[in-house]
Amino acid sequence: MYYLIGIVGLVFLDQLTKIQIENNFFIGDSLAIIQDFFHITYVQNRGIAFGIFQGKINLISVFTVIAIIGIIYYFLKTFKKSSFLEKLAYMLIISGAIGNMIDRIFRGYVVDMIDFRGIWSFVFNMADVYINIGVAVILLDMFIKAKKDLKEKK
């Protein structure tokens, strides 16, 4: 139940940030938070990560729905035996996937706004942050389990 509340809360936060951007910025507007490093920039992404597959929103949406269903199924099937880190990771990934899917269905594009110019040229959003942190947490959990297994074998 806590994870469901977490997913709803994270999706709400993601959508709230996107609504604020759409209500207060025009496409391409940018607000420097840290000059030449971190900006809030309004971009409409009609593709997927890093802007690939631009204009293929219907195809992307079908594959995204299938992926979300698969991830949720796996999460529910393995829930009882999953570690806290795994549960947290899947909560983040599911939240991010749902947040971006809402954009694709209701807007026809994904609202991006987080712009670290000093690091790379891609603009992303909170849902993307959730997904990336979730993947990092899964990798961390796998590393911890592998290290524990090595200790137990010695």
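For the structure, see preceding data.
This is a predicted model, so every value here is computed, not measured.

K.L.:
Sorry if this is basic, but what is going on with the environment of Met113 here?
P.N.:
Relative to the helices and strands, Met113 resides in strand E3 (residues 110-116). C-alpha separation for the pair Met113 and Met91, spaced 22 residues apart in sequence, amounts to 22 Å. Leaving out residues up to four positions away in the same chain, Met113 has contacts with Thr17, Lys18, Ile21, His39, Ile40, Thr41, Val123, Phe124 and Asn125.

K.L.:
Just to check I follow, could you spell out the nonpolar core for this structure?
P.N.:
By size, the foremost hydrophobic cluster in this structure holds 14 residues, and its most contacted members are Ile7, Leu10, Phe75, Met91 and Ile138. Where this core is concerned, the elements lending two or more residues are helix H1 (2-24), helix H3 (84-106) and helix H4 (126-153). Beyond its immediate sequence surroundings of up to four residues, Phe75 is in contact with Tyr3, Lys87, Tyr90 and Ile94.

K.L.:
I would appreciate a short explanation of the pairing of E3 in the present structure.
P.N.:
For a regular strand, side chains alternate in direction, first toward one face of the sheet and then toward the other. Burial of E3 is extensive: six of the seven residues sit out of reach of the surface. Where strand E2 (residues 38-45) meets E3, six bridges bridge the pair, whose relative direction is antiparallel. Bridge pairing links Asn45 to Val110 in E3. As paired elements, E3 and strand E4 (residues 123-124) share two bridges and run antiparallel to each other. Among the inter-strand pairings, Asp115 is bridged to a residue of E4, identified as Val123. Where E3 hands over to E4, the hairpin turn is made up of six residues, counted between the paired strands.

K.L.:
Would you explain the layout of surface pockets in this entry?
P.N.:
The rolling of a water-molecule-sized probe over the atoms marks out the regions of remaining empty space. When its volume is computed, the second largest pocket comes out at roughly 180 Å³. In terms of lining residues, the second largest pocket is bounded by Met1, Tyr3, Leu4, Ile7, Ile72, Phe75, Leu76, Phe79, Ile94 and Ile98. For the lining of the second largest pocket, the secondary structure elements donating two or more residues are H1, helix H2 (57-78) and H3. Within the lining of the second largest pocket, the residues separate by chemical class into ten nonpolar, no polar and no charged.

Rules of the game
- Residues numbered from 1 in each chain as written.
- Predicted model: local features only at pLDDT ≥ 70, side-chain atom pairs only at ≥ 80, totals over all residues.
- Heavy atoms only, no water.
- Helix = DSSP H or I, 4+ residues; strand = E, 2+ residues; numbered from the N terminus.
- Contact = heavy atoms within 4.5 Å.
- Core = buried A, V, L, I, M, F, W, Y, C linked by side-chain atoms within 4.5 Å.
- Buried < 20%, exposed > 50% of the residue type's maximum accessible area, 1.4 Å probe, protein only.
- Pairing = 2+ DSSP bridges.
- 1 Å grid on protein atoms, 1.4 Å probe; cavity = no way out; pocket = protein on both sides within 12 Å on 5 of 7 lines; lining within 4 Å.
- Points joined across faces, edges and corners; volume = space filled by probe spheres on them.
- Nonpolar A, V, L, I, M, F, W, Y, C, P; charged D, E, K, R; others polar.

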